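What follows is the residue order along each chain.
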Amino acid sequence: IDVHRPGMLYATLLRCPVFGGTVTSFDATKAKAVPGVKQVVRISNGVAVVADNTWSAMEGRKVLDVKWDEGPRAINSTASLRKMFADLATKPGAVARKEGDAPAALTSATKKIEAVYEAPYLAHATMEPLNCVAEVRPDGCDVWASTQIQSAARDIAAMITGLPKEKVRIHTQYLGGGFGRRGGADFIGEGVEIAKAINAPVKLTWTRDDDLQHDTYRPGAYTKFAAALGADGMPVAWTARVACQSFQGLRNGVDGAAVEGVADVAYSVPNILIDYHNPDTGIPCSYWRSVGYSQNTFFTESFADEVALAAGKDPVEFRRVLLQKNPRLLAVLELAAEKSNWGKPLAAGRYHGVAVVNNIGSYNAQVAEVSVDNKGKVKVHRIVCAVDCGIVVNPAIAEQQIQSGIVYGLSAALKQAITFERGRVQQANFNTYDPLRIDEMPVVEVHLVKSTAAPGGLGEASTPTTAPAVANAVFAATGKRVRMLPIKPADLV
């Protein structure tokens, strides 16, 4: 957003409020009357207002008159999407994992546990809204952008300009926040298309409203679980039916990102069946910090607590038994339990919850300490996080990444959801899509395991375990199970 080029103009884009909608017609008369506005041009994604400064471009956009063909997705609502997901979960899907004969084990079991878990669509909400600078010439194209995937930026610029890929140069800028959003290239394609149309360098800037209402979202998800207990009280069968929109493509009918964190459940259970459905929603989706693990660890680790309760086991002890063949995950569980004083008396009104996961090669366990007041408001006081990420190169940065992932996970657990009505996203800024505030941040204790194993990733490692650790602590505090995010105070009163 700080890049300047000689002769550069400034643009903003008006997009259809419904995904997949197109321009029917537009009248630029009022927009062109705004001081500073130079051109109004139609591109693939909408109508761009180009000016000699960003403010004028945004003011011109406010009075731009566009008529839209909203298309078939204008009937989408959060309620209709939820029904679509639930209907899919009533029938078998594509098999993501199969061990033993889970249906037979469930049928013959004397004790069975069932539950449905849900998570909403989520925006990335990066602190710097999307933007890029593009310059198109007959002999080449230059793009200055905060991008996580340079090849995607190059490829879309080459496609729009018709230039060979080697004639496109991507100048990578600092991200201003990424979390997966800047892995996409939609905003880069828009900038290149505008620059080509006006034959001048252009800086395209999204507003915060644009950023939240035209994101490539973390997909919503709906998962139906069942488990059966054997004579010793431990699980003999574990099934999950996942309905979650695909965004990286199917292999044998399954999107691996959509089922990760469910299909690779780490617990030793002899009979496992995980299957998958891909809902057709038309909502653009992509990577979000920790990808499928972000919602699926909440599902799996919350359901694991339900199974532990049915078995009459302490949640940590239950996991200890089931993780005997997974020594690194067991070790971080033990460390987090020790450092959090699991099982020992807490301050009055405070309760513990636990969750574990192996995400991007880093094993982590979290214990959350929470309280819930008489209005149902959840306060997270402390999170103890134990991590085995292999060889640690820089402990300070490792700790910062873990803390950062927990902030992101807490925002999603306690506050955030993208909802739809008449095909439109209902959230537009931080007053309706609220991140965790400074005064809401708990004390975070990070314990790094000394290891000689190959390094794992850390930028996404701690995000998945935060929501289930908090939700399991909420159950300990209230006796009410959180099966849908974000956690709502009204549900806990």
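Rules used throughout
- Residues numbered from 1 in each chain as written.
- Predicted model: local features only at pLDDT ≥ 70, side-chain atom pairs only at ≥ 80, totals over all residues.
- Heavy atoms only, no water.
- Disulfide = S-S within 2.5 Å.
- Buried < 20%, exposed > 50% of the residue type's maximum accessible area, 1.4 Å probe, protein only.
- Helix = DSSP H or I, 4+ residues; strand = E, 2+ residues; numbered from the N terminus.
- Pairing = 2+ DSSP bridges.
- Polar contact = N/O pair within 3.5 Å; in protein donor to acceptor, adjacent residues only side chain to side chain.
- Contact = heavy atoms within 4.5 Å.

Colleague: Is there a simple way to think about the state of the cysteines in this case?
Modeller: Two cysteines form a disulfide when their sulfur atoms are joined by a covalent bond. This model, assessed by the stated rule, comprises 0 disulfides. No disulfide involves Cys 141; its nearest neighbouring cysteine sulfur is the one of Cys 132, lying 9.3 Å away. Taking the relative accessible area as the measure of exposure, Cys 141 reaches 0% and is therefore buried. Of all cysteine sulfurs, the one in Cys 385 lies closest to Cys 389, which takes part in no disulfide; the gap is 10 Å.

Colleague: Before we go on, may I ask you to explain the pairing of strand β15 (residues 351–359) in this structure?
Modeller: The two faces of the sheet receive side chains in turn, since in a regular strand these alternate between them. Among the 9 residues in β15, 7 count as buried, and that is most of the element. By the bridge criterion, 9 bridges tie β15 to strand β16 (residues 362–372) in an arrangement that is antiparallel. What sits directly across from Asn 358, in β16, is Tyr 363.

Colleague: Looking at this structure, how should I read the side chain of Asp 275?
Modeller: As for its position among the elements, Asp 275 is in strand β14 (residues 271–277). Asp 275 sits in the buried class, given a relative accessible area of 4%. At a separation of 3.0 Å, a polar atom in the side chain of Asp 275 contacts the main-chain amide nitrogen of Gly 93. A distance of 3.0 Å separates polar atoms of two side chains, one belonging to Asp 275 and the other to Arg 241. With residues near it in sequence (within four places) discarded, Asp 275 still touches Pro 92, Gly 93, Ala 94, Val 95, Ala 96, Ala 240, Arg 241 and Val 242.

Colleague: Could you clarify how one ought to interpret unusual backbone geometry in this entry?
Modeller: Most peptide bonds take the trans form, and the phi angle of most residues other than glycine is negative. The omega torsion of the bond from Leu 485 to Pro 486 falls at -5 degrees, within 30 degrees of zero and hence cis. Relative to the helices and strands, Pro 486 is located in the loop between α13 (463–478) and α14 (489–492). With a phi close to 60 degrees, Phe 179 is a non-glycine residue in the positive phi region. On the secondary structure map, Phe 179 appears in the loop between β10 (168–172) and α6 (186–198). Although it is not a glycine, Asn 199 sits at a positive phi angle of roughly 60 degrees.

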